[in-house]
Structure formats: structure tokens, C-alpha cells
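So the chains spell out like this:
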Amino acid sequence: MYTFICEDSPNGIFSGVYDAWAFKIQQNKQMPDGGGQSGSRAAGQTRCTHDDIRLTSREPDNYELFSQYFPVTPSAEKSDKVARTLCARLGTEFYETVMNALLAVIPERKGEIDKADAIYHTVVLALSSPAGANTLHRLNHPHVHRVFTLSRATANEAHHLLGFLRFRELENGVLFSTIHPKNNALPILAEHFTDRLPQENFIIYDENRRQAAVHAAGKNFMLADASDLDEAMIKRESCREAEYQSLWLAFFENIAIRARVNPKLQAQNIPKRFWRDTIELSRTGGGHFPPSHAPLPPE
Amino acid sequence: MNIQMNMSLAEKLAILSDAAKYDVACTSSGVDRRGNGAGMGNSVAAGICHTFSADGRCVSLLKILFTNECIFNCAYCQNNCNSDVPRASFTPDEVCELTMEFYRRNYIEGLFLSSGIMVSPNYTMGLIYQTLYQLRRVHQFNGYIHVKAIPGADPVLVEKTGFLADRMSINLELPTAEGLKKLAPYKSRHTILKPMRQIQNRITENKNEVALYRKAPRFVPAGQSTQMIIGATPEHDYEIMRVAESLYQKFDLKRVFYSAFVNVNQDANLPVLPGGPPLLREHRLYQADWLLRYYDFTVDELLSEERPDFNIYLDPKCDWALRHLECFPIEINRADYRTLLRVPGIGAKSAQRIVKARRTAALGFSDLKKIGVVLKRALYFITCSGKMMYRTKLDEDYICRNLIGDRTQIPREIREAGYKQLSLFDIGMEP
Ligand code: SF4
């Protein structure tokens, strides 16, 4: 068994896919007769197959005796090559699914397949089978199913955030948003808002990862490290910002039907972890009381 | 009337969002439109919810009335000319400002503009048109717009407005013409259905124009919708669903919405609902509506003159399956898509996944679970490679007892709203 240890990032895992694949080819080239039985533990004697290869996106807890370990150095060049191959041979939909799986962060439970390993074997399977991109439909295959679950987690959270994310207008006219997603949804959000608000300067800041997507009017966005973010600058809001926030709160409180108030349904639809970043919920606690600035309806 | 001058924008917004809240359609779905690089906005076909209000409903659009002044007196409506509520009207500029500033901050997906009828239908429709025109042409707003067509307004105005909107709707209000006559004396089936037909025809023509010339302006690209109030008048579910079905078939509507009646006016013509609005009934109607639109069911398969109301204890698909045990069990690895859709516990997504996944290997029960099938509901109705999951009887009473024991049959949101007793109105509709 050959184990490739990758950094848990799109770059890291794609570089791992590249290295593992290259390793397998190299390994088989060195063989004098093209190999015999597959799946053997001893390297160099029998043909190396993809089943002999494992990727992991985390440092192994204990190293197995009969396994060889290879740390993977993330390389933009290698990961670009993998990305281009996937797009060209399997199409953008396949690529996006894999990309979403890469961005997922699901607490690893015992017995579950590692993210990097699931992606490697799904990619290998798709590239080698006539089904191609349709390999993703094979949900009864454990690696494919894992990619499906991971990818869905990111896609669902990103879809939520397309709606739940809020911008504030800063003094300098920049729209600023702070998010705390579980999965790394930032690239997906940045793309959406670049299309939606092409003429705005905006920043979406993932406070957990200290990463930001920065967009200047008329340009494409950039992902940037934001550990040195100017905390004072993001506190200074434009003069009309407070006014629009309170208009929004007034709307939010008045749009609920009192005879149907249902806090549990509300919390089921917008899970509480999103509340801190949406002013209408963090400031009103959900708005379950009769609106303060409202004409009382004749109920 | 209680008209106030010099109101602040905040006061107007409070009044005119409060006045709009009984309109249920808040979806922003039905049209995919990329940003144009210059203006502001795009649109995502699946729709996006931006928040959920205290009643748990999705807030997607800035849902407001242009004005809550109204010359009519529909009995169920809190804005009718006899009710004593504070009145307000926006100006087109104010609506534009709110829409643009809310949209930039990602509070909303777009605008849902409805209105009371001020001065005359034409006058009101004119103001709505002007507002949309300014939003699209002056402010370059490229997000979602849902707009009401005012019954009785000049067709030319309706058409011009439709070229600026994504979705248009005219509320049917009540399922039957008699109900309308009694509760909304100034409206009639005729004044409602006529513009509905006009919009339908224009959408069809426009599809041809766009097919010929890709850049032709789009007319109501996300289609038409309507809404009916449920529980204010004594119709059975069967009549309501038949109306919905014919709206889908004959008027090509995209959506019919159902709104559980909330008694706001204490009008003598209206029922008192001690159990609160008929939420569970509304829920069953939505489920049945779903079966019509995505599951290839017809109303006559679900209900009949003899059995005119849905079983409130079971969702309509389970209920149907129980009465058609002769169709089951079906074999997961062979049944066609349409048959899979009819199995309780298999939704449209799971059915699609099954059809694709079984191409490479026969599926077993554990695969179905991974795919998202709700096995505790489906297990009575399916086999995998000829075997059932457990040995169970294919017996109506037995399965029915087990399914009703499943608490998910009564949706969590309704259970947890402390839905007390199923009120008279849910069961028999006896006023
Ligand atoms: S026309 Fe009827 S439903 Fe519409 S605002 Fe006036 S009273 Fe209300």
C-alpha cells in the first residue's frame, strides 16, 4: 500500500491526485515484464494498481508497517493540470462536483472514507470507465457516494449563504460581509456576487478561515489572505447604513403573520448558526414579538 | 379613511409590508438570468430564500403593496375600504430606492409589488408600470420582479408591465364564482380570468418571438401564478384541486398558491376558526399540488365526489397508495420512472437517482437508503431483486396503522406549532 499525505486544500488534494497517478505510472514502467497479479504488498514485484494507492488529507494517527508514505507538496502547476484534465475529459459539471467535495469540511467519523481518497478513486474510476462523468451516478459505489455526500454538503451550505449573507456599506462605499461557513463556500459565493453586483466594490470575509474574496467594480474577484484585515476600517459604516438596516428590520418584523408564528419552523429553515451574521435575526432574536414600529393589525 | 400626510419612509414601509403579508407567493424562482456586467442583479432559477420570518415562511422578495388605499370592499381583506387601518402610499421613487438598497445588501432577491386599488384599476396599474419602468430602465435593475396585474386594468398597460416583470399574477382569491360574489362583490370570475388569459396568450406568442429572434424582449419569463384562500368559503378539497388542475392545464400557470384563511376583519360573512388558520389542510393541498405538477397524478385519482377531502392523517400519496395496493409491490431495479414516483417515500430526486444508479449494478435496500429513499415508508411497497425488506403483509389496515404511527405524517412544523385539534374546518368544512 502506498499512502499519499496531502494538505487539506484544493491545491493540496489535486497535487496528491497528480503525484499518486504519476507514481503508479512510474512504478509500472520500472517493471521488466509488465507485471502479474495486482494488489501485492511488496512494491516493484507486481503491477501497481489504483487499489494499492491511498490518499489522505490528514496526518495518519498511526503509521502502518507495510505501507509506504509520501508527503505531497502542494503545487499550483500540478493541480492546474489535474483541473484542466477533469474539465476537458469529464466536463464542467463533474469538475464542479469534485470541487465542491474538495471544499467540504465534514468532521471525519470512524470508518468513513477520507475526502482525498474518495476524490482520487472517483476521478480514477471516471477516467477509466466508459461511463465517464456519469460515474457520479453510481451512488452504490462507496467512494462515489462519499464524493456525492461531501459535494452536497458544500453546495447546500453555499446555496443557503447566497441568501443569508448580508452586506454592510462602509464609509468608503465598499460593501462588506462577514461569514462563518462550515465548509469553504467562499469561492462559490464570490463567483455568484461577482455576476450579481458587477459594478460594486465588495469584500466577503470568512472570519473562521481568515480569508476574503475581494471584488473591485468591473473586475473579477480575487481570493486573499485576510489575517491583517483593518479592523477599524470595517467598523466605519456609511452615513445611511443604519437607516437602511432599520428599514429592513421594520420590513422583517411586519411581514410575519401573527396567527402563524412558529419559531421552530423558522429555526429549522434558517439554522441558528446563520443567525449571528443576519441582522434581522441577531437583532430581533427571530422577531417573535409584535413589531415595535408597526400599526397593530386588527386581529 | 385614515390617510396621513408626510409619513416617513419607515412608517410607510411598516404599513405597506404589513398589508402585503397575506399574499403567499414569495418565491423568486423560474428564471435563470446572468448578470449583464453593467446594471445590478441576476436571477437563479431555483429561487433563493434570504431569511425566514417569525412564522417560518421564506422571505425572498421585498413584498409590499404600492398602496393600501382601496376603493373596493373584499370581505376577507384587511385593506378593504371599510376597515379602519392606517393608510399609506409609496411613490415610484421610494419603491426603487428600497429595492435597490435592499438588493445591494443582499436582503432580497427582488421585488414583489402588489397594490390596493387607488382611484381606479387603470390609475393603479399605471403607477405600478411607472415604478417597474424606472427600476429596469433608470436604475438598471436586473433582479427578480413579481408584479400583480390589477383586474379591470387596460390590457395595454398590463402588456407593457409584463415586459418589465419576471412573473405576473392575478389572484383567483376564492375557488368558486359564488364565493367571489359573496365576499368580493366588485370582482368576478370574468375580470380575473380575462387578464389571466391575455397574459397566457402573450407568453405563448413571446416564446415564438424569442425562438425567431433570440434578443427579442422577454414577456413574463418566469410565468404566471395565482392564489386561493382556503377555508373562508365551504368548498371541498376536490373542488379546490379541480380548479387548480384546470388552471395548470388551461391557463399554463406555473404555480397555484393556497393560503390558509386568517380572519382579520371579523366580518359576519366569514367563518370563525377557533383552531386558528387551517394550516394542516393547506399543507395537504400543497402536497397534492406537488403530485399534480411533478408526479404525474390527476385530481380524479386522488379525490372524488364520494371522497371529496384529503385524509388529514396521511399525505395524499400514501393515501393513494393504500387504496391501490393492487399496483404494489414494485421492483426497484425494473420499474419505470413514473412508477417509482408513485411509491410513498420515493421523491422525484430519489427516483432520478435510482434510474441512473441501477444502470451499473442492481440496487439493494442499503443503496436505497444512501440514495435518500425514506425506507420506513417505502418498505411496504417495493422489492429489491425480488425480495421485500421484511416479511410484511400487503394489507391496507396494517400498513395504514404503521404509516400513521410514523410521526412525520403530520409535518413537524405543524406538530410543533402546537396544532391543537383538527378543527371542524379541516375535516368537514361545515360552516
Ligand atoms: S381589491 Fe379587495 S383584496 Fe384587493 S386590496 Fe382592495 S379590498 Fe383588498
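Residues numbered from 1 in each chain as written. Chains lettered and ligands numbered in written order. Predicted model: local features only at pLDDT ≥ 70, side-chain atom pairs only at ≥ 80, totals over all residues. Heavy atoms only, no water.

Below, the discussion takes up the overall build of chain B. Broken down by element type, chain B carries 17 helices and ten strands. Its C-alpha radius of gyration of 24 Å places chain B within 12% of the 22 Å reference for a compact globule of 431 residues. Projected onto the principal axes, the alpha-carbon positions of chain B cover approximately 75 × 55 × 35 Å. Relative to its full complement of 431 residues, chain B shows a buried share of 60%. (Helix = DSSP H or I, 4+ residues; strand = E, 2+ residues; numbered from the N terminus. Rg over C-alpha atoms; globule rule 2.2 N^0.38 Å. Buried < 20%, exposed > 50% of the residue type's maximum accessible area, 1.4 Å probe, protein only.)

Inspection of the entire model under this criterion finds 38 salt bridges over all chains. Among the salt bridges present, the one from Arg260(A) reaches Glu282(B), with a minimum N-O distance of 2.9 Å. Taken together, the positions of Arg260(A) in the loop between helix H6 (241-254) and helix H7 (263-269) and Glu282(B) in helix H8 (residues 279-294) put the pair across two chains. With a relative accessible area of 7%, Glu282(B) lands in the buried category. (Salt bridge = Lys/Arg side-chain N within 4 Å of Asp/Glu carboxyl O.)

Residues and elements named next belong to chain A. Reading across the sheet, the five strands line up as S4-S5-S6-S7-S8 and stay open at both edges, with mixed pairing between neighbours. Either end of the sheet is taken by a strand with one partner, and the two such strands are strand S4 (168-169) and strand S8 (221-225). Across two bridges, S4 lies against strand S5 (residues 175-179) in antiparallel orientation. Considered in S5, the bridge of Glu-169 is made with Leu-175. Here helix H5 (residues 186-196) sits on the sheet and contacts S5, strand S6 (202-206), strand S7 (211-215) and S8; the angle it forms with S6, its principal contact strand, is near 165°. (Pairing = 2+ DSSP bridges. Contact = heavy atoms within 4.5 Å. Axes fitted to C-alpha atoms, helices over the stretch in contact; angles between N-to-C directions.)

Attention now goes to the sheet that holds strand S2 (residues 53-56) of chain A. Residue and element names in this part refer to chain A. Strands sit in the order S2-S1-S3 across an open sheet of three strands; the sheet is parallel. The outermost strands of the open sheet, each flanked by one partner alone, are S2 and strand S3 (68-71). With strand direction ignored, the average angle separating the axes of adjacent strands in the sheet is 25°. Across four bridges, strand S1 (residues 2-5) lies against S3 in parallel orientation. Residue pairing in the sheet places Phe-4 in a bridge with Phe-70 of S3.

Throughout the structure, instances matching the rule amount to one disulfide over all chains. No disulfide involves Cys327(B); its nearest neighbouring cysteine sulfur is the one of Cys318(B), lying 14 Å away. (Disulfide = S-S within 2.5 Å.)

Moving on: the packing of aromatic side chains. Going through the model one piece at a time under the given rule, you end up with 26 aromatic pairs over all chains. Ring centres 6.4 Å apart and planes at 75° place the aromatic pair Phe164(A) and Phe52(B) in the edge-to-face group. With Phe164(A) in helix H4 (residues 142-164) and Phe52(B) in strand S1 (residues 51-52), this pair bridges two chains. For the pair formed by Phe164(A) and Phe52(B), the shared burial category is buried. Members of the aromatic cluster, each reached through a chain of ring pairs, are Phe297(B), Trp320(B), Phe328(B), Tyr380(B) and Phe381(B). Here Lys272(A) stacks its cationic end above the ring of Trp275(A), 4.8 Å away from the centre of that ring. (Phe/Tyr/Trp six-rings, centres within 6.5 Å; stacked < 30°, edge-to-face > 60°. Lys NZ or Arg CZ within 6 Å of the ring centre and 35° of its normal.)

The next thing to look at is the confidence of the model for chain A. Detailed reading of the predicted coordinates is not advisable wherever pLDDT falls low. Here chain A shows a mean pLDDT of 88. Residues at 70 or above account for 92%. Ignoring residues within four places in sequence, the model shows residues 292-299 of chain A, a span with pLDDT below 50, making 24 contacts including any to other chains. (pLDDT = per-residue confidence, 0-100.)

This part takes up the site of the ligand. In the vicinity of the ligand, the residues found are Cys70(B), Phe72(B), Cys74(B), Cys77(B), Asn80(B), Gly116(B), Ile117(B) and Lys187(B). Split by residue class, the shell around the ligand holds five nonpolar, two polar and one charged. (Near = heavy atom within 4 Å. Nonpolar A, V, L, I, M, F, W, Y, C, P; charged D, E, K, R; others polar.)

Let's shift gears to the interface of chain B and chain A. Across the boundary between the two partners, chain B contributes 69 residues, which contact 61 residues of chain A. The contact between chain B and chain A buries some 5800 Å² in all, and 58% of this surface belongs to carbon and sulfur atoms. Arg34(B) serves as the salt-bridge partner of Asp195(A), at 3.6 Å between the closest nitrogen and oxygen. On the surface where chain B and chain A come into contact, there are 27 residue pairs in polar contact (both at pLDDT 80 or more). Elements with a contribution of two residues or more to the side of chain B that touches chain A: helix H1 (9-18), S1, strand S3 (61-65), helix H2 (92-104), H8, helix H12 (348-357), helix H13 (365-371) and helix H16 (412-416) of chain B. (Buried area = accessible area lost by both parts, 1.4 Å probe. Polar contact = N/O pair within 3.5 Å; in protein donor to acceptor, adjacent residues only side chain to side chain.)

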